[in-house]
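Per-entry structural report
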Amino acid sequence: MGGRIKKILKKKRQQIVYAMTGITLIIVIISTVYTVRRTYIEINEGGAVPAMADVPASPKPPEEIVMSAALEAQDNNSEEIKEKVKEEEIFTFLQGPKSWEERRDWSGAWGRAFYDGGSFGGFGCGLCCLANVYSTESRYQCTPVDMYKFAKRNTGYDGGGAIAWDYMDTILDKLGFDCSLRIKPQDYQDFKEQVSAASCSIVLISSNDSSCYWQDTPGHYVTIFLYDKETDTVFLADSGNPDHNRQKVELRKIYKSLKKASEWQYLTIGDYDSTKDTWKHRKSDGNWVKPEYVN
């Protein structure tokens, strides 16, 4: 009987030893994992360590991940994050017959054409501005004539004459742009802040308000891009005057020239979202002089 009890006690002691050994091993493993994690975090300046389930077996190189994400965003027509455009990327269409006769860059056959009884050279400045904005700020392109047809299909614009502010606002909204119609603020600083925050702006000028830059021009839409804080200038797209077109102009001169007789004086244009673009017009085809530096 005593021998049997000894055997039982010996077996119990062995079980306890095995259990203690297992517990010790678990503690060592946990301690090692904790130390490795702490070292990883310290090396990476406190960065979080992902769970093992979140770590892919064969991670892609960073370059491949970035490219894949970019292609996926483009394929899904997601909202685009666009860098500031360069001067050579800006479209600056000319509207008139003289520019076309001289075959100047940016001029087109529309300059001497009539649409719905009106001469495009006389009324097309607003359509040129819209075409400038769309072709510059989106990844699509169009000519002023393309924009004319789009405006007639998608707004109450009858054609044959100058396009109104409300139609321009509607068009830009249908093309996927955030935009705001504005009146001339009393303080130039407010105007400057709004223009500098925008991707570009369409402004209505009149020499009746100021002849500091335009003369004999009772009303004319132009597009402005690339506000420069250091020089307080903008890059001007002026469809009615080839000598003004693609020039740096003091923003204050444009502020002085805003046509106060109009209900609105300018329209600031913000982000472009291709998912809201109902047109996606891919080509600026037609009979016009396209500069070599433009894709």
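Just so it is clear, the model here is predicted, and its values are computed rather than measured.

**Let's talk about the pattern of salt bridges**
Summed over all chains, the structure comprises four salt bridges. Across the pair Glu87 and Lys248 runs a salt bridge whose closest N-O atoms are separated by 3.4 Å. In this pair, Glu87 sits in the loop between helix 2 (62-75) and helix 3 (97-101) while Lys248 sits in strand 7 (residues 247-250), placing the two residues 161 residues apart along the sequence. Asp116 serves as the salt-bridge partner of Lys152, at 2.9 Å between the closest nitrogen and oxygen. Residue Lys152 is found in helix 6 (residues 144-154), and its partner Asp116 is found in the loop between strand 1 (114-115) and strand 2 (118-119); the two are separated by 36 residues along the sequence. Note on Lys152: relative accessible area 31%, which makes it partly exposed. A residue is classified by how much of its surface remains accessible, and Asp116, at 47% relative accessible area, is partly exposed.

**Examining helix 8 (residues 188-197)**
Every buried residue of helix 8 is listed here: Tyr188, Phe191, Lys192 and Val195. Axial view of helix 8: buried residues confined to an arc of 100°, hence all on one face. Against the buried residues of helix 8 lie strand 4 (200-205), strand 5 (220-228), strand 6 (233-237), helix 9 (251-257) and strand 8 (266-272). By the N-cap criterion, in which a side-chain oxygen at the helix start approaches the backbone nitrogen of a residue two or three places on, helix 8 is capped by Asp187, the distance to Gln189 being 3.0 Å.

**Some thoughts on the pairing of strand 3 (residues 177-182)**
Side chains Phe177, Cys179 and Leu181 project from strand 3 onto a buried face, and the interleaved Asp178, Ser180 and Arg182 project onto a face without burial. Two strands pair when backbone bridges link them, and strand 3 and strand 8 are joined in this way by five bridges, in the antiparallel orientation. Opposite Ser180, over in strand 8, you have Thr268 as the bridge partner.

Thresholds applied
- Residues numbered from 1 in each chain as written.
- Predicted model: local features only at pLDDT ≥ 70, side-chain atom pairs only at ≥ 80, totals over all residues.
- Heavy atoms only, no water.
- Salt bridge = Lys/Arg side-chain N within 4 Å of Asp/Glu carboxyl O.
- Helix = DSSP H or I, 4+ residues; strand = E, 2+ residues; numbered from the N terminus.
- Buried < 20%, exposed > 50% of the residue type's maximum accessible area, 1.4 Å probe, protein only.
- Arc of directions from axis to C-beta.
- Contact = heavy atoms within 4.5 Å.
- Polar contact = N/O pair within 3.5 Å; in protein donor to acceptor, adjacent residues only side chain to side chain.
- Pairing = 2+ DSSP bridges.

As far as function goes, none of this settles anything; it's purely spatial.
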